[in-house]
Structure formats: C-alpha cells, structure tokens
Amino acid sequence: MGRPDPEEGQLPAPVKPPDGGWGWIVLLGCFVITGFSYAFPKAVSVYFKELMKDFHVGYSDTAWISSIMLAMLYGTGPVCSIMVNQFGCRPVMLIGGLLASSGMILASFTTNIIELYLTAGVLTGLGMALNFQPSLIMLGTYFDKRRPLANGLAAAGSPVFLSSLSPLGQVLLEKFGWRGGFLIMGGLLLNCCTCGAVMRPLDMGMKRKMEKAQDKYEAKEMLPVGGKSEERISTTDGTKKAKKTKKKPKKGKKLLDFSIFSNRGFIIYTISKFILVLGLFVPPILLVNYAKDTGVPDTEAAFLLSIIGFIDIFARPACGMVAGLKWVRPHVAYLFSFAMLFNGLTDICSARASNYTGLVIFCVFFGISYGMVGALQFEVLMAIVGSQKFSSAIGLVLLIEAFAVLIGPPSAGRLVDALKNYEVIFYLAGSEVVLSALFLATATYCCLNRGEKKEPPLEKNPSAGGGSDTEEAESDVQEAEEHSSDNHQLAHSTDNTMVAASEEANHVAEEQSGEGGGCPAGDGEVLARDGCNADQMVERDRF
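Thresholds applied
- Residues numbered from 1 in each chain as written.
- Predicted model: local features only at pLDDT ≥ 70, side-chain atom pairs only at ≥ 80, totals over all residues.
- Heavy atoms only, no water.
- Helix = DSSP H or I, 4+ residues; strand = E, 2+ residues; numbered from the N terminus.
- Areas by Shrake-Rupley, 256 points an atom, 1.4 Å probe, with all protein chains shown as cover.
- 1 Å grid on protein atoms, 1.4 Å probe; cavity = no way out; pocket = protein on both sides within 12 Å on 5 of 7 lines; lining within 4 Å.
- Points joined across faces, edges and corners; volume = space filled by probe spheres on them.
- Nonpolar A, V, L, I, M, F, W, Y, C, P; charged D, E, K, R; others polar.
- Expected span 1.5 Å × (residues − 1).
- Bend = angle between axes of the 7 residues up to and from the residue.
- Buried < 20%, exposed > 50% of the residue type's maximum accessible area, 1.4 Å probe, protein only.
- Contact = heavy atoms within 4.5 Å.
- Patch = residues over 30% accessible without salt bridge, like charges linked within 9 Å, V, L, I, M, F, W, Y side chains within 5 Å.
- Salt bridge = Lys/Arg side-chain N within 4 Å of Asp/Glu carboxyl O.
- Phe/Tyr/Trp six-rings, centres within 6.5 Å; stacked < 30°, edge-to-face > 60°.
- Lys NZ or Arg CZ within 6 Å of the ring centre and 35° of its normal.
- pLDDT = per-residue confidence, 0-100.
- Axes fitted to C-alpha atoms, helices over the stretch in contact; angles between N-to-C directions.
- Parallel < 35°, antiparallel > 145°, perpendicular 65-115°, else oblique.
- Left-handed = near helix turned anticlockwise from the far one by under 90°.

Asker: Let's hear about the overall build of the chain: which residues, and what values?
Answerer: If you tally the helices and strands in the chain, you get 21 helices and zero strands. With an accessible surface of roughly 27300 Å², the chain has 62% of that area assigned to carbon and sulfur atoms.

Here it is as structure tokens:
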C-alpha cells in the first residue's frame, strides 16, 4: 500500500522523524544550547576574583551565582514542560534566549551582589532552562533511528563550549573588565534565539491536511445519487445533527503529564538518576584542590580539568555511535549502567592517587566514563517514556535532580572541611555512583524484563514530538477518522433503506400484476427508475 493522499479523500499518515535533512540543523542548534547551558555557569567563575574586589564579598558569595544558574536550570523543569506543552518549543526557546541575554546585559550595570543574583543568576538561569529542555525535545522529534548518535553529538557541546568560553572570558576580563565581559557574554547568548528559530515543528501543516481530508469526505458523501438525492441529503443532515449532539467533547491539553509515574521504567530511572547526581559532580569540583594539596603546581592542577574536557569531547559522540548499533540499542539501559559503574570505580580507584601521573590517568578514565554518562542519560529517558511524553518526563526528572545537586557537592565540601581528607570524599562519591548503576541494572532486569516476558508487548505508536501541537494534530486525526467512519456507516444504512423500499415496491407491483393481468410499459419504466429489479421487469413484460 502506498502512502495515503489527502487529495483523494484519504487521511494523511502521521509525521515520522526524518533522521536527517533539517534535523541536522536542529542538532546544531541543540549542540549550541547544550554548550551554553552546561558550560556557561562554570565559565562565569573566571570573573569571581574581580567581583570579590568590587563588591567586597567572599568566594562563597560569588559562587552562589553559578549555583543559582544551575538551580534554575534543574529546578524549573516542570515550568518548562508546562510552557512547551502549552505554546510549543520554538516560542519558548525564543523567550528563553531573550531572558538569558537580558540577564547578563543587566548584570553588567549592577552595583551589589544581590542584583547579580537576580540578573545573572535568576534571569540568565531561567533563560537557559527555557532553551535547554525544548532543544532536547525537538532533537527527539527529528531523530529516531539515529537518535543515540544525535544525543551524543549534542552532548558534546558541553565540553567544547567549556574549553572555549573559559579562555574567552579571561581575555574579555583583561581587555574590558568584568562589566564589559558580561555585556559581550550577553550578546553571545542571543545566539540562543537563532537556535530557537530553527526549531521548526514537523507537524506544522498537519491540521490543514486534516481539514482538507474531512471536507473531501463530506463532499464525497453529500453528492446526489439517483432520484432519492433530496431524501438522502435530508436524512444525512438529520443523522449528522444527531451525531454532533452525541459527540464527546474534545479532551483538554495536559500541561504536565503525571501519568508517567505509572511507568515502572520511569520510576527506576528517576531513583537511579537521583543517586547518581549525588556523587557524579563531586570529583571534578574537588579535583583541583585535591591536586594542590598533594603538591601539584597551580597551573598543572588546572590543566587536569582540560584533560577531562578534551577526552569528554570524543567520548560522547563515540558512545552515541555505539548505543545506536542494532544489537546494543535494545539494551541501552544496561550500557548506561555500565557507564555509571565505570565512573564510580574510577572514583574509588583514584582515591589514593598521590602524584601527578596518577591524577592524569584518573582524568583520562574519568573523562571517558563521564562522557558516556552524559551521552546516554537522555537517550535512556527517551527510550523509556517515548518522545510524546518526554517533555513532561524531563521536566520532572530535572526537578528531582535539582535536590540532588543541592545536596551532593555542598555536603562533600562540608565533609572536606570537617575531615581534612579527600580520600573519604572520593570513596563516598564513587560508592554512590556504583550504587546507582547496580540499582538501575538490577531493577531493569527484575522488574521490566520479566514483566515483558509475562505480558505481551504493546505496539508502539509513532509520535511526532512532545509539544502540544502534536497532541492536537493526533486528536484531529482521530476525529477525522471517526467522522469518516460515521459518514460511511450513514451512506451504507441509507443504501440499505432504499434497497428495502425498492423490494417492497416490486412485491406490491407483482401482486397488482397478478390480479390485474399485467403491468403497463409506462409503469414498468417508472418502477425501473425507482429502483425496480431489471429481472422482475423482464418477467412482467413476458407475462
């Protein structure tokens, strides 16, 4: 069967991810958005010393700027989901780009640290959050077969931008000061609006096709046929009015779909991700200070983070390619568990590294495992909930991760101050990551795989995206199909009524011909026009 043509009165097929084409432009936009979202809060730290001098505050006070950015990025997940489901991805991203840029521009005119919290922290953080989540949703809309590779390439934006924004910030600080640097950074964030503008929804013309197909059905069924056209049209109109009175009201849009909590896979993923975030970010945060305490010079200690970033750039796309293999993709949750296990064991094994060579080896393996985790985290979530519910799922997951981000690194810092020992922190962080890996693998095997063997697998419905436009288009398809089936049933019942009436008229004519000695030729012609059987006409003529 070929693809249905709406011009011939057929319903158009649902839009499928193209896995290419304009999707590569969407991938480039997602690459830029991911880079800004994850790297910008860290790159701002190059301005902290100048801020401490101008505002006469401590390092912990300025560090709150980055913390507020990350808190807004994670904690506003449900708000982003609601806005995406209500307005779509493109408008939300355009607004987010303007907020992110205006926050940094306004921050360049601030006079105290509180104003910096509100501008660079809240406004810029909210703007980046409104860009980050919709970009991932659009990426899942445009890619299906190549989605693991697309996620890996998009995730590579984080280390690439981190390795470029930090040196750029240092150059801007030396030439223009922190106020000029903030102003130029705000201008760079306007590129988020450009990335939002290229996020073209796939189902843009779907509603118009539905309306044309529905009109075609109505015109086809309302055409006059035979001498009973007026009666058929009146019957059709009366039946359509009755159908309209019985038609169910259209379901309202779900701003945030909480039904995903009934998905066991989503619950398992959320718990595992919460445990993971408790220890995942601790080693890179404490690595530089740990190296300095072991006697490593400052410049060489700072270079350790560059090693992690460089390895991370290649690890994420490579892991995405591996996850896209046919024999690996059905088991991507286990690959994600392996990546977390690899990362946790790296933390534990490096706890006693006492020289620079040992720390470099740790950075290499940590960069590989950290890149694998970054490339697979959202791919696993998309595979669990599907692209249609991904907009709500990622918002709720990021909200839960926000609590883990606020608990993990600060608690590790307090333990360092209390114990004066980094080994315990690395052991603790590695154990948390290993625990999350074991929990995900065990729960997936016991709760999901065995359940799939007992219950027959459900057919996967193709989904065009996570926005509200897709849900509305799907409801229009359903309504058009119901309307077309009603019209076919109505035409079928009308034809049956006419056949029954013609048979009854023929029966009366036969009785009259038997009593009166025949049927005149003129009467026979009228009966034939009214639907009389031709064989019965021949028999009456012979008689």
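Anyway, onward from the coordinates.
Asker: Explain empty space enclosed by the protein residue by residue, including any values.
Answerer: For the coordinates displayed, the defined rule picks out two cavities of 30 Å³ or more. The space that makes up the largest cavity amounts to roughly 80 Å³. Residue lining of the largest cavity: Thr34, Tyr38, Leu136, Asn151, Ala154, Ala155, Arg316, Gly374, Ala375, Gln377 and Phe378, and that is the complete set. Broken down by secondary-structure element, the contributors of at least two residues to the lining of the largest cavity are α1 (23-43), α7 (147-155) and α16 (356-385). The dominant element in the lining of the largest cavity, judged by the number of residues it contributes, is α16, at four residues. Taken together, the residues of the lining of the largest cavity break down into six nonpolar, four polar and one charged.

Asker: Could you give an account of helix α14 (residues 298-323), with specific residues and numbers?
Answerer: Residues that lie three or four places apart on an α-helix share one face, since the helix turns once every 3.6 residues. Under the 1.5 Å per step criterion, the end-to-end length of α14 is 38 Å for 26 residues, consistent within 8% with the ideal 38 Å. Along its length, α14 reaches its greatest deviation from straightness, about 25°, at Asp312. For α14, the complete set of buried residues consists of Ala301, Leu304, Ile307, Ile308, Gly309, Asp312, Ala315, Arg316, Pro317, Cys319, Gly320 and Ala323. For α14, the secondary structure elements touched by its buried residues are α7, α8 (157-188), α13 (282-293), α15 (332-349) and α16.

Asker: Can you tell me about unusual backbone geometry, naming the residues and giving the values?
Answerer: Note: most residues except glycine have negative phi, and most peptide bonds are trans. Even without being glycine, Asp19 reaches a positive phi, approximately 55°. Considering the arrangement of structural elements, one finds Asp19 in the segment before α1. For Asp19, a relative accessible area of 13% translates into the label buried. With a phi angle near 55°, His56 is a residue other than glycine that sits in the positive phi range. Tracing the backbone shows His56 in the loop between α2 (48-55) and α3 (59-75).

Asker: Kindly report on a nonpolar patch on the surface, identifying the contributing residues and their values.
Answerer: The grouping of Phe109, Phe176, Leu183 and Ile184 at the surface amounts to a nonpolar patch, some 410 Å² of accessible area in total. Along the polypeptide, Leu183 turns up in helix α8. Among the residues examined, Leu183 registers a relative accessible area of 39% and is labelled partly exposed.

Asker: Residues and numbers for the packing of aromatic side chains, please.
Answerer: How two aromatic rings sit relative to each other is given by the distance of their centres and the angle of their planes. What the rule picks out here adds up to 19 aromatic pairs. Measuring from centroid to centroid gives 5.1 Å for Phe36 and Phe161, while their planes differ by 65°, and the two rings are edge-to-face. A residue pair is termed long-range when its members are at least 10 positions apart, and Phe36 in helix α1 and Phe161 in helix α8 qualify at 125 residues. Residues Phe362 and Phe426 carry aromatic rings whose centres are separated by 6.0 Å and whose planes lie at 70° to one another, so their mutual orientation is edge-to-face. Of the two residues, Phe362 is situated in helix α16 and Phe426 in helix α18 (residues 422-454); the sequence distance between them amounts to 64 residues. Look at Phe362 and you get buried, because its relative accessible area is 5%. These aromatic residues form a ring-pair network of at least three members: Tyr290, Phe362, Phe366, Tyr370, Tyr422 and Phe426. In this structure, Arg200 packs its charged tip against the face of Trp22, placed 4.5 Å from the ring centre. The side chain of Lys273 reaches across the aromatic face of Phe378, ending 5.5 Å from its centre.

Asker: Tell me about the confidence of the model for the chain, residues and numbers included.
Answerer: For any part of a model where pLDDT is low, the fine detail of the predicted coordinates should not be relied upon. Confidence in the prediction for the chain averages 76 pLDDT; 70% of positions are at 70 or higher. Confidence scores differ between elements of the chain, with helix α20 (residues 521-529) showing the lowest mean pLDDT of 42 and α15 the highest of 94. Across residues 455-474, where pLDDT falls below 50, the model places 36 contacts with residues more than four positions away in sequence or in other chains. Predicted confidence for residues 511-543 stays below pLDDT 50, and this span has 23 contacts to residues more than four positions away or in other chains.

Asker: Any details on the packing of helix α5 (residues 89-107) against helix α6 (residues 113-142)? Residues and values, ideally.
Answerer: Viewed as axis vectors pointing N to C, α5 and α6 meet at an angle of 155°, and their least axial separation amounts to 7 Å. Taken as axis vectors, α5 and α6 run roughly antiparallel relative to one another. Regarding α5 and α6, the two cross each other, and that crossing is left-handed. Looking at the contact of α5 with α6 residue by residue, the class counts come to 17 nonpolar, eight polar and no charged.

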